[in-house]
Amino acid sequence: MRTLRANTILFCAAGFLLLWEWMRPLETIGGIHNMPVFLVFTGLCFLFFLFRVPFLVQLAAGSVYIFYVLNRTFVHEPFFTFQWVGWFVQDVAANVKILFRREWTGQSDSFRTLEFFLLIWLMVYLLHYWFVVRKKILFFLLMTILYIAVFDTFMPYDGKWPMIRTVVFGLFSMGMLFLDRCAEREGVRLKAGLKAKWAFSLAVLVFFSTAVAYIMPKADPIWPDPVPYIQSLSGDGGPGKGKGMSRVGYDPDDLFLGGPFAQDEGLVFRVKTPMRNYWVVETKDYYTGKGWATGKADQIVYFSGSPTVRDIASAELVSQKSLPIYTSVLQRRYEIHRAKIKAFPTYYPHIIYPRGFEYFDFSGGVFGFNQTTEKVVAGFEDDYTVGYREPVYEIDKLRAVNDESGVNSFRSSREGFEFLFRYTQLPENLPRRVTDLAAEITAPYDNWYDKAKAIEQYLKGPEFTYDTADVPFPDVDEDYVDQFLFESKIGYCDNFSTAMVVLLRSVGIPARWVKGYSSGELVDTEEGGIGVYELKNSHAHSWPEVYFPEVGWVPFEPTKGFTNPANFVYSQENAGSDTPEPEEEQTPQQNRPNERNNVPEQGPDNSAAENGGRKGTDLSEWMKEHLFSLIASGIALLLAAFLTYKFRRKWLPFWYVARYGRKTDAKNFAGAYLALLKQLERSGMKKDEGESLRQYAARIDRYFSTGDMERLTRLYERVVYYPPASFDASAEWQLSWRRLLKILR
């Protein structure tokens, strides 16, 4: 029993370590936070199987752990008061609706966390079954090596040490499993001392062979880099390659921006509203150097019916600074406008809303407001209404905010300091020349508004070009903004908006990245001046917003060829001032972007040009979505190739008959004879060195008790040493040739 328990501990430990290697890349690539929480759960599941805990106890303990983590991360309610149960039921119900509608990207982070826990539980069960019960590890070991190799090749993940660890763990575990299987097959009970000696010898062997392989010099790769070729097949470009083409449209994954895209005119929303607006989907606050992520875990509040902005603001954990509420005092004087929106949920589960929204009006169901990203996901019907006031921004108030007053407004509370830190975050490895450029652009100005306008106008200058086709990916070691500002100087809305946010943060101004849709295409005008706008995938857009104390988030538009729909005014006392409002600089006709790939050139007021461009799924997202299919297909192809090669002696005779069995001329006979020699060699009857063809033929005939080989050899010598015309083109040689092939099968 002691030996069995030691084996079980060893095999469970091997399963835990290998599963950990599967989880490591997800922290870097998948954006999974708090990985230790999942590792503790993985270890807990292995302990359940190790000590043979009853199933009901496993279910209860595992469920308590999962619910505690979900509550601790997303709800923050006292666990034993069970106030979180209602939230959990609503969250599951809303996400189940999303799953039935196959809108996978609309799932909340809390529901994805639940799914990940369940997947870990299932994987632990499978690993315990294969390692402890079946005592087989080779398949999972090969899958782990392939998994790490794929991430190392196609993702920004260093798989060097994970590969070494996997090989060491795997080889040692395979050796111990082999000893265990041999003992079971022979019915022998191994002594503890013998097993310890085997384990020690095996460990020394694995360590020594791994160390030698590590320190030995490595040859350069024989094959060229496969990434560009695969990217060309998948339609995506690689980092720095500028090849491949994504498809424009909203994409929830912004970890890796860059590269060209193709237009997509798929209809997403139809909006009836009295004025043009930019339509918000979500915001991002954490710049990675390659793209955007969220710096905080999702916090979702659920509502039903027709909640107002005050209902959302009164919900616990909502920061007033992070909500699109009353961005200016002036807008309260203006009437509430109604935007009637028809969604096409075939595409996305999110809803859109303009800045200054006052309420949502749903016909039924539950919707969730993500307090971290301000994204609204709803299990709603196709039609809904958004009430909003037109945001109005007083330039005098904006210019009153400078470095001293702006920063001081955040120092009065811990929340304010955290808010400032969150929206001025930059990567530690951001190139110095980016911050130097930001300081140079804003040096003549003493307030945040003029600094923001200066950066906005700089990006609209003649040095930069708007394009969607000839846009490169940044190299692996290259910053996305640095590459755009100093190298390519060509891009679309993602490039311009991200660059402005980074430049603003470089001089200490809080800013964030907003993604959604531009105004869309005006297709009709109804009574009362109500415009009917169609928003397509090609209208996906991104822009920056700057936070001004006492005002709120203010949108800017640095992308060339686009006009900011926000309303900027002077206060009444300065209405007669000679200082004009610095209007949005229009891109001259000769400097407007020339769209590639037959996309016509458009003006700023033409909605077809207001699409700005959003990437579709980049290579990493495509690999994530199809990773299992790629691995399964690769294994199937390798298995098919192996079996084909292994049993080639069985099927090659049929190929030879199909190729050489129809003609009887001299050239065809020579090919058939040489193919027969190859088949004999595969069957283990190789011609000896120094042995003539006639001697070899006689040996073959003696072995098979025939005269066919000698007959064919004499004919072959006639073909080689005499003119082809002397060859008797009869079919008699084929009878002897076919008989030998049949024997060799």
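Just so you know, these numbers come straight off a predicted model, no measurement behind them.

Rules used throughout
Residues numbered from 1 in each chain as written. Predicted model: local features only at pLDDT ≥ 70, side-chain atom pairs only at ≥ 80, totals over all residues. Heavy atoms only, no water. Helix = DSSP H or I, 4+ residues; strand = E, 2+ residues; numbered from the N terminus. Buried < 20%, exposed > 50% of the residue type's maximum accessible area, 1.4 Å probe, protein only. Contact = heavy atoms within 4.5 Å. Areas by Shrake-Rupley, 256 points an atom, 1.4 Å probe, with all protein chains shown as cover. Patch = residues over 30% accessible without salt bridge, like charges linked within 9 Å, V, L, I, M, F, W, Y side chains within 5 Å. Salt bridge = Lys/Arg side-chain N within 4 Å of Asp/Glu carboxyl O. Pairing = 2+ DSSP bridges. Polar contact = N/O pair within 3.5 Å; in protein donor to acceptor, adjacent residues only side chain to side chain. UniProt positions renumbered as here; feature names shortened; annotations may be inferred. Expected span 1.5 Å × (residues − 1). Lys, Arg positive; Asp, Glu negative; His and termini not counted. Core = buried A, V, L, I, M, F, W, Y, C linked by side-chain atoms within 4.5 Å.

Before going further, it helps to spend a moment on the overall build of the protein chain. Broken down by element type, the protein chain carries 23 helices and 22 strands. In the protein chain, which comprises 745 residues, the proportion classed as buried is 51%. Sequence separation of at least 24 residues holds for 73% of the intrachain contacts in the protein chain that already meet a minimum separation of 6. Roughly 36700 Å² of accessible area belongs to the protein chain as shown, and the carbon and sulfur atoms make up 59% of that amount.

Further remarks concern a nonpolar patch on the surface. Nonpolar side chains collect at one region of the surface, where Leu-119, Leu-122, Tyr-125, Leu-126, Tyr-129, Trp-130 and Val-133 lie side by side and expose about 650 Å² of accessible area between them. Structurally, Tyr-125 is set in helix α5 (residues 109-133).

As summarised here, the arrangement of the five strands in space is β9-β4-β17-β20-β21, forming an open sheet in which the pairing is antiparallel. In this open sheet, the two strands that pair with only one neighbour each are β9 (353-354) and β21 (552-555). Where strand β17 (residues 511-517) lies against strand β20 (residues 540-548), seven bridges are found, and the strand directions are antiparallel. For Arg-512, the partnering residue across the bridge sits in β20 and is Glu-545.

Attention now moves to helix α16 (residues 480-488). The complete set of buried residues in α16 reads Tyr-480, Val-481, Asp-482, Gln-483, Phe-484 and Leu-485. Taken together, the buried residues of α16 touch β5 (286-287), α14 (432-442), α15 (448-459), β16 (490-491) and α17 (493-506). Of the residues flanking the start of α16, the one acting as N-cap is Asp-479, its side-chain oxygen 3.0 Å from the backbone nitrogen of Val-481. Backbone geometry just downstream of α16 places Lys-489 in the positive-phi region, at approximately 55°.

The feature "transmembrane region" (unreviewed entry), as annotated in UniProt, sits at residues 38-68, 112-131, 138-157, 163-179, 199-216 and 627-645 in this numbering. In residues 112-131, helix accounts for 100% and strand for 0%; the two terminal C-alpha atoms are 28 Å from one another. With 94% helix and 0% strand, residues 199-216 has its two end C-alpha atoms placed 26 Å apart.

Take α17 next. Counted at 1.5 Å a residue, the expected span for α17 with its 14 residues is 20 Å, and the 20 Å between its end C-alpha atoms agrees. The element α17 is extensively covered by neighbouring structure, given that 13 of its 14 residues are classed as buried. Positioned one or two residues after α17, Gly-508 has a phi angle of 85°, which is positive.

This paragraph deals with the environment of Ile-395. Mapped onto the elements of the fold, Ile-395 is located in helix α11 (residues 395-399). Residue class for Ile-395 comes out buried when judged on its relative accessible area of 0%. Residues Ile-395 and Asn-567 lie 172 residues apart in sequence; the distance between their C-alpha atoms is 10.0 Å.

Looking now at the side chain of Glu-390. Positionally, Glu-390 belongs in the loop between β13 (383-388) and β14 (392-394). Buried and unpaired, Glu-390 has Arg-389 as its nearest opposite-charge partner, separated by 11 Å. Polar contacts involving the side chain of Glu-390 include one to the side chain of Asn-567, which spans 3.5 Å.

Side chains that differ in charge, positive against negative, can pair when their charged atoms come close. Counting across every chain of the model gives 29 salt bridges. Note that Arg-165 and Glu-21 form a salt bridge whose closest N and O atoms lie 2.7 Å from each other. Linking Arg-165 in helix α7 (residues 160-186) with Glu-21 in helix α1 (residues 2-28), this pair joins segments that are 144 residues apart in sequence. For Arg-165, a relative accessible area of 26% translates into the label partly exposed. The salt bridge involving Glu-521 is made with Lys-536; its shortest N-O contact spans 3.6 Å. On the criterion of sequence distance, the pair formed by Glu-521 in strand β18 (residues 521-526) and Lys-536 in strand β19 (residues 530-536) is long-range, its members being 15 residues apart.

Summarising burial for β20: nine of the nine residues are buried, a large majority. Both faces of β20 are covered, namely the face carrying Ala-540, Ser-542, Pro-544, Val-546 and Phe-548 and the face carrying His-541, Trp-543, Glu-545 and Tyr-547. When β20 meets β21, the two strands line up antiparallel, connected through four bridges. From the neighbouring strand, Tyr-547 faces β21, where its bridge partner is Trp-553. The turn linking β20 back onto β21 is made up of three residues, and Glu-550 within it adopts a positive phi angle of 70°.

For the rest of this paragraph, the subject is the nonpolar core. Phe-269, Ile-352, Leu-459, Leu-485, Tyr-517 and Phe-548 are the most contacted members of the largest nonpolar core, which totals 84 residues. Sort the elements by how many residues they give to this core and α17 lands first, with eight residues. Among residues more than four places away in sequence, those in contact with Leu-459 are Phe-464, Phe-484, Leu-485, Phe-496, Ala-499, Met-500, Pro-558 and Lys-560. Grouped together as the second largest cluster of nonpolar side chains are 53 residues, Cys-45, Val-75, Val-132 and Ala-199 included.

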